Amino acid sequence: MKIKKISIFRVIAQLIYLNIFIAGVLSRNYIMLFITATAILLGPIFCGWMCFVGLYQDICRYLGALVKKEPIEINKKIHRWLKYSRYFILIGSLTIGGLFLFPGKAWGNFAAILQGHGKINAAFYFLIILGFASLFTRRFFCRYLCTFGAKLGLFALARPITINKKDTCVSCKCCSKECLMNINVDKINSLANPNCINCLKCVEACPNNSLKIGLRNYFKP
Ligand code: SF4
Ligand code: SF4
Ligand code: SF4
């Protein structure tokens, strides 16, 4: 698997954030404020560049790519419906609390384990299973299960800064093929998809430099 420049910076950012988090979570409130503010303005930067559960899935996939280069992709028709699952889980967790909370809790429980005061519980085993799944799939947990990512996606719905496509696009679909969240990037003009995790894989993959970060065009999505 070819690792390009943006991906290298992204992994570095993920590792730096992991260190900040493990280093004691100096002020969780400030970190949450930062994550939310960046999501509102720029989209879920946290998901693409900081989250260690995201990093965990990426690393598993890099390892899996040594054995199986092409990831397993869920059928597009099924994905079209399944991509809403994390929002349903979020609504479920907020309404009939607890019943669907397990996947959303995994992130927090994993953080607790890293900080040394979490007990090894079902969520930990869930992450082990996710590790195996992530060997052959890309960001399965982010795409379909993570309620925190769903919340950030909703915060980012009106993001003023996004990825825009230029007229030089030749519809080669390289961007969509590389998208970790299975978004049809080649079909957008100005990205508004709440599932985008701001990984910039699409920008990196475009052979034409047709994708640029800039002000969103709300009238031509
Ligand atoms: S969707 Fe969830 S697990 Fe994935 S990167 Fe975002 S917060 Fe982390
Ligand atoms: S649209 Fe681009 S930035 Fe967003 S998730 Fe897909 S590849 Fe990453
Ligand atoms: S990779 Fe670039 S040129 Fe190809 S479809 Fe995407 S934006 Fe257009």
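Calculation notes
- Residues numbered from 1 in each chain as written.
- Chains lettered and ligands numbered in written order.
- Predicted model: local features only at pLDDT ≥ 70, side-chain atom pairs only at ≥ 80, totals over all residues.
- Helix = DSSP H or I, 4+ residues; strand = E, 2+ residues; numbered from the N terminus.
- Buried ≥ 20, exposed ≤ 12 C-beta atoms within 10 Å, placed from the backbone.
- Contact = placed C-beta atoms within 7 Å.
- Near = placed C-beta within 6 Å.
- Nonpolar A, V, L, I, M, F, W, Y, C, P; charged D, E, K, R; others polar.
- Core = buried A, V, L, I, M, F, W, Y, C linked by C-beta atoms within 7 Å.
- pLDDT = per-residue confidence, 0-100.
- Expected span 1.5 Å × (residues − 1).
- Arc of directions from axis to C-beta.

A. Looking closely at the overall build of the protein chain. The number of helices and strands found in the protein chain is 12 helices and two strands. In the protein chain, the order of α-helices and β-strands from amino to carboxyl end is α-α-α-α-α-α-α-α-α-α-β-α-α-β. The 221 residues of the protein chain split such that 33% are buried. Pairs at least 24 residues apart make up 74% of the contacts formed inside the protein chain by residues separated by at least 6 positions.

B. Representation of the site of ligand 2 in the model. Around ligand 2 sit 13 residues in total, of which Cys179, Cys196, Cys199, Lys201 and Cys202 are the nearest. Of the residues contributing to the shell around ligand 2, the split by class is 11 nonpolar, one polar and one charged.

C. Up close: the site of ligand 3. Residues in close proximity to ligand 3 total 15 residues, the closest being Cys169, Cys172, Cys175, Asp186 and Cys206. Residue composition of the shell around ligand 3, by class: nine nonpolar, three polar and three charged.

D. Looking closely at the nonpolar core. Of all hydrophobic cores here, the largest spans 36 residues; its most connected members are Phe46, Cys175, Ile197 and Cys202. At the level of secondary structure, the elements contributing two or more residues to this core comprise α2 (28-42), α3 (45-49), α6 (85-95), α9 (140-144), α10 (147-155) and α12 (201-205). Other than its neighbours up to four places away in sequence, Cys175 contacts Val185, Asp186, Cys202, Ala205, Cys206 and Leu211.

E. Representation of unusual backbone geometry. Not every positive phi belongs to a glycine, and Ser171 is a case in point at roughly 55 degrees. Secondary-structure assignment places Ser171 in the loop between β1 (161-165) and α11 (174-178). C-beta crowding within 10 Å serves as the criterion here: with 9 such atoms nearby, Ser171 is assigned to the exposed category.

F. Summary view of the confidence of the model for the protein chain. Chain-level statistics for the protein chain give a pLDDT mean of 84 and a share of 80% at 70 or above. Overall, residues 97-103 carries pLDDT values under 50, and its contacts beyond four positions in sequence, including any with other chains, amount to nine contacts.

G. Molecular detail of α10. Most of α10 is tucked away: seven of the nine residues are buried. Among the residues of α10, Thr147, Phe148, Gly149, Ala150, Lys151, Leu152 and Gly153 are the ones counted as buried.

H. Focus on the environment of Cys146. Tracing the backbone through its elements, the reader meets Cys146 in the loop between α9 and α10. Of the residues examined, Cys146 has 26 C-beta atoms within 10 Å and is grouped as buried. C-alpha separation for the pair Cys146 and Tyr87, spaced 59 residues apart in sequence, amounts to 8.6 Å.

I. Main features of helix α4 (residues 52-67). In this model, α4 (16 residues) spans 23 Å end to end at C-alpha, consistent with the 22 Å of a helix rising 1.5 Å per residue. Turning to α4, its buried residues number three or more, namely Val53, Gly54, Gln57, Asp58, Cys60, Arg61 and Gly64. Buried residues of α4 fall within an arc of 165 degrees about the axis and therefore sit on the same side. The exposed residues of α4 that point more than 90 degrees off its buried face are Leu63 and Leu66.

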